[in-house]
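Okay, here's what each chain looks like letter by letter:
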Amino acid sequence: KQLESTQQYADEISTLRRHQENLQIQLKLEQREIFLQNSQLQADIDRLAQIKTELQASQAEVVREEMELERLVKKQKNRIKALNAEKEKLHGTIETMAHEASEVKEIARKLVAD
């Protein structure tokens, strides 16, 4: 009877050892899977950081271009103002010349009449 119980005890120990070995194998597999997932996550994080840097550079370029466009628009507006002022000046000159031509015409008409 003692031999039987010793054999049962030995069998239980053997079963427990196999179970422990299986658990250790399962643990190693899960650790490997976690390591692979962590590696992939780190690669994704690195890729996202690179994308973020590229976006920031792109945004800075957009801001520079907007500032340049604003500068060009301001320059064009000033040019339009200058051209409008020149146009008004020319209208004044044309009116003066028309008035003077009218006066010359009147003087010529009087000279011809005399």
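To be clear, the structure that these remarks concern was listed above.
Residues numbered from 1 in each chain as written. Predicted model: local features only at pLDDT ≥ 70, side-chain atom pairs only at ≥ 80, totals over all residues. Heavy atoms only, no water.

Draft legend 1. Region of interest: the overall build of the protein. On a plain count of helices and strands, the protein comes out with one helix and zero strands. Relative to the 2.2 N^0.38 estimate, which gives 13 Å for 114 residues, the radius of gyration of the protein is 48 Å and therefore markedly larger than a compact globule would have. Its C-alpha atoms put the protein at 165 × 15 × 10 Å along the principal axes. Residue burial in the protein is summarised as follows: out of 114 residues, 0% are buried. Counting only carbon and sulfur atoms, one obtains 59% of the accessible surface of the protein, whose full area is about 11100 Å². Taken as two groups, the 19 positive and 21 negative side-chain charges of the protein have centres that lie 4 Å from each other. (Helix = DSSP H or I, 4+ residues; strand = E, 2+ residues; numbered from the N terminus. Rg over C-alpha atoms; globule rule 2.2 N^0.38 Å. Buried < 20%, exposed > 50% of the residue type's maximum accessible area, 1.4 Å probe, protein only. Areas by Shrake-Rupley, 256 points an atom, 1.4 Å probe, with all protein chains shown as cover. Lys, Arg positive; Asp, Glu negative; His and termini not counted. Charge placed at Lys NZ, Arg CZ, Asp CG, Glu CD.)

Draft legend 2. The arrangement of the pattern of salt bridges in detail. All told, the structure shown has four salt bridges when counted by the stated rule. The shortest N-O distance in the salt bridge between E61 and R64 comes to 2.7 Å. You can see E61 and its partner R64 sitting in helix α1 (residues 2–113), three residues apart, about one turn around the helix. R64 sits in the partly exposed class, given a relative accessible area of 49%. Where R109 meets E106, a salt bridge forms, and the shortest distance between an N and an O atom there is 2.3 Å. (Salt bridge = Lys/Arg side-chain N within 4 Å of Asp/Glu carboxyl O.)

Draft legend 3. Local environment of a nonpolar patch on the surface. A contiguous nonpolar surface patch, about 270 Å² in accessible area, is contributed by L48, I51 and L55. Along the chain, L48 turns up in helix α1. With relative accessibility at 51%, the residue L48 sits in the exposed group. (Patch = residues over 30% accessible without salt bridge, like charges linked within 9 Å, V, L, I, M, F, W, Y side chains within 5 Å.)

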